Every structure is written in C-alpha cells, then in structure tokens.
Amino acid sequence: MIRKVRPEDFDELLKIEAEAFPKSQYDLGQFWMLHQSYPNTFLVEVSDLITGYIVFSPDGHLISMAVRSERRRTGIGTRLVQEALANCAGKPLRLEVRVGNVGAQEFYLALGFNWIGRAKGYYHDGEDALLMERPAALSSR
Ligand SMILES: CC(C)(COP(=O)(O)OP(=O)(O)OC[C@H]1O[C@@H](n2cnc3c(N)ncnc32)[C@H](O)[C@@H]1OP(=O)(O)O)[C@@H](O)C(=O)NCCC(=O)NCCS
C-alpha cells in the first residue's frame, strides 16, 4: 500500500536513507521540512513494514526516493514512480541522479526516463548529476 508519510515513520525512513545514500542522507530535520513542504506528495510504501519512500513536487520534480535494500528488485520502486506519474499527470517528471549511481540510472531508463543533461558539481561532495526526464506523453503504466 502507498500512503502519505507520517512523522512516526521518520525513524524507519532514517534507516532506509542511511543504507541508500551513504554520501548524502537526509536527517530528521530535513524529513520534517520535506513533510511540511510536500504534505501530499511525500509518500511511503508499506507492507509488513515501511519498504520505501518517494518525495516529489506536484509540478513534476522527483526530489528523492529509496527502497529498503533487502526489498529491492521486487517492483516497489516502480510502484512508487508510477504513483508520482499518476499525481503529475500531463507533466514531464524530471530528476537528478549521481553520475556514479548507475543502478538508479538503469532503473529510471527502464521506466522511460531519458538523459537530458548534466549538472557539474551538483552534489556537495563535487560529484556531477545527470538530469533525466520522463516525457509527459508516455502513459504511466
Ligand atoms: C533505485 C531504486 C529506488 C530502485 O528501486 P527497486 O524497488 O529496486 O526497483 P524495481 O524493483 O521497481 O526495479 C524495476 C527495474 O528497474 C531496473 N533496475 C532496478 N534497480 C537496478 C539496478 N540496481 N541495476 C540495474 N537495473 C536496475 C531493472 O530493470 C528492474 O527490473 P528487474 O528487477 O525485473 O530486472 C533502489 O535501488 C534504491 O533505493 N537505490 C538506492 C537509493 C537511490 O539510488 N535512489 C535514487 C536516487 S536518484
């Protein structure tokens, strides 16, 4: 099930975040701010436990997402992106991803995203970002 995040989810999200983004993870304060800024588009996937999250702006910017490491490659990430696409219907969905994060790039390519550019030194440690976009014209399924 995919639902809006709740503050009581943050402890679990911090664990998912730590294993997903060893170089630049969100802390508790940032999760609170994202929750405040995107109350309707900060979502979690829940089964027996919280398995992943996605946060995006309603105008079509995918800000971050992560899936619990032992639940990856089971379709959870795909379901979360599909939910974002359904929410942003009619708009392209765009994102930034580290050049070194090849697994995530493969994931987005499989979902119909294209490379549209590169932002030099985008991350605080100096790594470049690849800019990817999924055209609005593609169906969300
Ligand atoms: C990227 C991420 C969200 C994908 O979530 P997921 O739930 O594992 O993705 P799915 O199971 O829906 O994968 C769908 C398809 O995407 C592709 N894919 C997903 N992860 C991949 C990887 N590491 N390498 C290559 N292809 C991959 C595959 O084609 C996969 O289908 P398959 O499993 O049948 O081969 C997850 O790996 C993750 O949390 N990574 C760490 C955090 C991160 O990088 N977030 C994105 C930052 S921009």
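**Let's talk about the site of the ligand**
Taken together, 21 residues lie around the ligand, and Val67, Arg73, Gly77, Thr78 and Asn101 are the ones closest in. Arg73 places a main-chain nitrogen or oxygen 2.8 Å from an oxygen atom of the ligand. Backbone polar atom of Gly77 to an oxygen atom of the ligand: 2.8 Å apart, as the coordinates give it. Expressed as a share of its isolated accessible area of 920 Å², the protein-covered part of the ligand is 74%. Put simply, the parts of the chain that give the shell around the ligand at least two residues each are strand E4 (61-67), helix H3 (76-87), strand E5 (93-98) and helix H4 (102-110). The leading source of residues in the shell around the ligand is H4, at 6 residues. Of the residues belonging to the shell around the ligand, the class tally is 11 nonpolar, 6 polar and 4 charged.

**A closer look at the nonpolar core**
A general feature of soluble globular proteins is that nonpolar side chains tend to end up buried together. Counting residues in each nonpolar core, the largest one holds 21 residues, and the members touching the most others are Ile54, Leu62, Val81, Leu93, Tyr108 and Phe113. Elements that contribute at least two residues to this core include exactly strand E3 (50-57), E4, H3, E5, H4 and strand E7 (129-134). When residues of this core are assigned to their parent elements, the largest contribution, 5 residues, is made by H3. Setting aside its immediate chain neighbours within four residues, Phe113 contacts Val81, Leu93, Leu95, Tyr108, Met132, Glu133 and Arg134.

Reading the values: the criteria
In this convention, every chain numbers its residues from 1, walking through the sequence in written order. Local features in this predicted model are restricted to residues of pLDDT 70 or higher, and side-chain atom pairs are both shown and tallied only at a pLDDT of 80 or more, whereas totals for entire chains, interfaces and linings draw on every residue. Hydrogens and waters are ignored; side-chain quantities use all the structure's heavy atoms. When at least one non-hydrogen atom of a residue lies within 4 Å of a molecule or strand, that residue is treated as near it. The definition of a polar contact used here is a pair of N or O atoms within 3.5 Å, where within protein one atom must be able to donate a hydrogen and the other to accept one, and adjacent residues in sequence count solely through side-chain atom pairs. Only the protein chains shown count as cover for residues, with accessible areas throughout obtained via the Shrake-Rupley method and a probe of 1.4 Å. Under the DSSP-based scheme used, a helix requires at least four consecutive residues in state H or I and a strand at least two consecutive residues in state E, with every element numbered from the N terminus. Three categories are distinguished: nonpolar for Ala, Val, Leu, Ile, Met, Phe, Trp, Tyr, Cys and Pro, charged for Asp, Glu, Lys and Arg, and polar for the others, with Gly belonging to the last. Residues belong to a common nonpolar core when they are buried Ala, Val, Leu, Ile, Met, Phe, Trp, Tyr or Cys residues joined through side-chain atoms within 4.5 Å. Here's how the labels work: a residue is buried when its accessible area is under 20% of the maximum for its type, exposed when over 50%, partly exposed in between, all with a 1.4 Å probe on protein chains only. Any two residues whose heavy atoms approach within 4.5 Å at even a single point are treated as in contact.

Take it as geometry only, folks, not as evidence of what the structure does.
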